[in-house]
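# Geometric and topological summary
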Amino acid sequence: MVVEMSSPLVPVSASDEKSVKALQFVEEMTRNTDSVQERVLAEILSQNAETEYLKRFGLNGATDRDTFKSKVPVVTYEDLQPYIQRIANGDRSPIFCNRPISEFLTSSGTSAGERKLMPTIHEEMDRRQLLYSLLMPVMNQYVPDLDKGKALHFLFIKAETKTPGGLVARPVLTSYYKSEQFKNRPFDPYNVITSPNETVLCPDSFQSMYTQMLCGIIMRHEVLRVGAVFASGLLRAIRFLQLNWQQLAHDISTGTLNSKITDPSIKECMASILKPDPELADFITKECSGENWERIIPRIWPNTKYLDVIVTGAMAQYIPTLDYYSGGLPKPCTMYASSECYFGLNLKPMCDPSEVSYTIMPNMGYFEFLLHDDSSPITLSRDSPPRLVDLADVELGKRYELIITTYAGLCRYRVGDILQVTGFHNSDPQFRFVRRKNVLLSIDSDKTDEAELQKAIENASELLKEFNTSIVEYTSFADTKSIPGHYVIYWELLMKDSSYPPTNEVLNKCCLVMEESLNSVYRQGRVADNSIGPLEIRVVMNGTFEELMDYAISRGASINQYKVPRCVSFTPIVELLDSRVVSFHFSPAAPHWTPERRR
């Protein structure tokens, strides 16, 4: 089989010893993929040999692949939840891992409406830091002189909680930003950011965003790259600037800080940064007061070389809007990671977003792959375990579900990511992220599947019974043209008594009932992070979904196999639905959300 092979990594400047060593490390790992994987599995199994979980399967200290694969089952979060709950409740015995569990990382996926808890150990922070250290040496091959300026990265911490046993539970990036590795990181000219640590670590999202934006504007000529973790986060920052530029300009002009900024540590650090600059204030007023915000990023930050954001997977829907605000600046996606494990990096970061492929670093964990076929999903059975493929043995062009085994004790765990093999770097495969398994709607870090949406619709439909009205059909759409984006639900209604239709107030309340029915990650995005806008219901005229079926059949769908899509994104279909809308309804309030109490 002929496969595409990436060329060896060569640093732009051979005098940069740190970059040279980093790229040599990548080359070493990717040339020896299978032997590294064999070593990693042996290390994990040896380290955790005396754990309750592994002893249950009778490995008896074996560290070889064949024994591991024949005895340890492939599992989901629900399979592990009883063990995880014991750890959360305070059980400190070696259940998954012989190292002490340091905290829980909360996944953006959910189980029973709550974020999943992923146990982790202190050593994992060093492993994640290692992957971070490889990003700029790779990027420096394609974009020179990134050590000559700063990055305007909008970074935020999110809500955290404690389990009954006293362990912290928080998102993986919040864990990193609060770590000593981040707060006391050594100076690296390639990773200087405009935001002081105090602004990143402020739990109030308004104060954090305001002062990060203020610092970014003050240092605008030093900024070489602008970004956030997700594309949606950068667009929220632009929207924030649209809403708050007048106050920002006032602060810059007078050298005084907005009275809404009350965090003492932020006030102290901003005192040395914020000085009166009427000329800069006039510039911001001139650029932001008009209605034309096209290319606003290079207009304010003229030396920006690229946008540092994730635009793969669900984030691809934001690319046109980012292009509008940036004038089409490159959007490299540098890294592939999750709460469970950090996986790898993009060795050709300046490629088009549609061509992004990630090289999984074989030292980060042990990786297996389950062949994925959308037309015939595989049901796993303990009696007939599936054949999983090792990292070095995947085949070009095929799609797989990712299965991981980590140093923290997750064994043969289904992450839920579907990947497609696009090529190889040395002996190491490269993957395109296709999608999250079963995810229907996503705006930011939220993930809503079909079952959850169906339940939310059922709950909302209870309000219609008083009016002898039912929902004939529905579909959904992630509207990312608004900032922040929001869920749109199309309803076709059957009213048995047209003289007594549901009121506008009731249909608005249906939106709120749906939001209350969605998971805690969605509700946190609505309430605490302001990353998701109010849910919208668009009622369409009778017969709309028949027209939708006719359109699908005209494009080749089988009338016998046609099913109403529960989520749409194809522009002609969205336009057809929108042309049949008879009324629009929005959630009148934010849903209930508080940081999850772990029982």
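Description of the structure in this document. (Residues numbered from 1 in each chain as written. Predicted model: local features only at pLDDT ≥ 70, side-chain atom pairs only at ≥ 80, totals over all residues. Heavy atoms only, no water.)

## Overview of the overall build of the protein chain
Scanning the protein chain for helices and strands turns up 20 helices and 21 strands. Against the compact-globule benchmark of 25 Å for 599 residues, the protein chain has a radius of gyration of 25 Å, which places it among compact chains. Of all intrachain contacts in the protein chain linking residues separated by at least 6 positions in sequence, the fraction that spans at least 24 positions is 70%. Summed over all atoms, the accessible surface of the protein chain reaches about 25,700 Å², with 50% contributed by carbon and sulfur. (Helix = DSSP H or I, 4+ residues; strand = E, 2+ residues; numbered from the N terminus. Rg over C-alpha atoms; globule rule 2.2 N^0.38 Å. Contact = heavy atoms within 4.5 Å. Areas by Shrake-Rupley, 256 points an atom, 1.4 Å probe, with all protein chains shown as cover.)

## Describing the sheet that holds strand 3 (residues 150-154)
As summarised here, the arrangement of the three strands in space is 3-6-7, forming an open sheet in which the pairing is parallel. Among the strands making up the open sheet, the edge pair consists of strand 3 and strand 7 (306-310). This sheet shows a mean twist of 20° between the axes of neighbouring strands, independent of strand direction. With five bridges joining them, strand 3 and strand 6 (residues 223-230) adopt parallel strand pairing. Bridged to His153 within strand 6 is Gly227. Contacting strand 3, strand 6 and strand 7, helix 11 (residues 231-254) runs over the sheet at an angle of about 115° to strand 6. (Pairing = 2+ DSSP bridges. Axes fitted to C-alpha atoms, helices over the stretch in contact; angles between N-to-C directions.)

## As for unusual backbone geometry
Residue Ile483 is joined to Pro484 through a cis peptide bond whose omega torsion reads -5°. Among the structural elements, Pro484 can be located in the loop between strand 18 (469-479) and strand 19 (486-495). A positive phi is found at Asn60, a non-glycine position, where the angle reads about 55°. You can see Asn60 is positioned in the loop between helix 3 (52-56) and helix 4 (65-71). Overall, Asn60 belongs to the exposed group, its relative accessible area being 78%. Phi is positive for Arg295, which is not a glycine, with a value near 60°. You can call Arg295 partly exposed: its relative accessible area is 41%. (Buried < 20%, exposed > 50% of the residue type's maximum accessible area, 1.4 Å probe, protein only.)

## Some points on the sheet that holds strand 20 (residues 536-540)
Here we have four strands laid out as an open sheet, ordered 18-19-20-21, and mixed in their pairing. Two strands close off the open sheet at either side, each with one partner strand: strand 18 and strand 21 (581-586). The sheet shows a mean angle of 25° between the axes of neighbouring strands, direction not considered. Bridge analysis of strand 18 against strand 19 gives 10 bridges, and the strand direction is antiparallel. Its bridge partner being in strand 19, Asp479 is matched across the sheet by His486.

## Describing the packing of aromatic side chains
Given two aromatic rings, one states the distance between the centres and the angle between the planes to describe the pair. Counted by the stated rule, this structure contains 22 aromatic pairs. With a centroid separation of 4.6 Å and an interplanar angle of 45°, the aromatic rings of Tyr336 and Phe343 are classed as tilted. Residues Tyr336 and Phe343 agree in their burial class; the two are buried. Three or more aromatic residues link up through ring pairs in this structure, and these residues are Tyr132, Tyr176, Tyr177, Phe182 and Tyr342. (Phe/Tyr/Trp six-rings, centres within 6.5 Å; stacked < 30°, edge-to-face > 60°.)

## Things to note about the side chain of Ser326
Within the secondary structure layout, Ser326 lies in helix 15 (residues 319-326). Exposure remark for Ser326: the relative accessible area of 2% places this residue in the buried category. There is a polar contact of 3.3 Å between the side chain of Ser326 and the backbone nitrogen of Gly328. Those residues within four positions of Ser326 in sequence are excluded, and the remaining contacts are Arg295, Ile297, Pro298 and Leu307. (Polar contact = N/O pair within 3.5 Å; in protein donor to acceptor, adjacent residues only side chain to side chain.)

## Thoughts on helix 2 (residues 33-47)
A rise of 1.5 Å per residue sets the reference length of helix 2, with its 15 residues, at 21 Å; its end C-alpha atoms lie 21 Å apart and thus fit the reference within 8%. Buried within helix 2 are the following residues: Thr33, Val36, Gln37, Val40, Leu41, Ile44, Leu45 and Gln47. Across the axial projection of helix 2, the buried residues extend over an arc of 165°, all falling on one side. Of the surrounding secondary structure, the elements contacted by the buried residues of helix 2 are helix 1 (17-31), helix 3, helix 4, strand 11 (366-371), strand 13 (399-405) and strand 15 (428-436). (Expected span 1.5 Å × (residues − 1). Arc of directions from axis to C-beta.)

## What about the state of the cysteines?
A covalent bond between the sulfur atoms of two cysteines is what we call a disulfide. This structure, assessed with the given rule, holds zero disulfides. Of all cysteine sulfurs, the one in Cys411 lies closest to Cys341, which takes part in no disulfide; the gap is 12 Å. (Disulfide = S-S within 2.5 Å.)

## Concerning helix 1
For helix 1, which comprises 15 residues, the first-to-last C-alpha distance of 21 Å matches the rise-based estimate of 21 Å (1.5 Å per residue) to within 8%. Turning to helix 1, its buried residues number three or more, namely Ser19, Val20, Ala22, Leu23, Val26, Glu27, Met29 and Thr30. On its buried face, helix 1 is in contact with helix 2, helix 6 (122-139), strand 10 (358-360), strand 14 (413-425) and strand 15.

These values are about where atoms sit, not about what they do.
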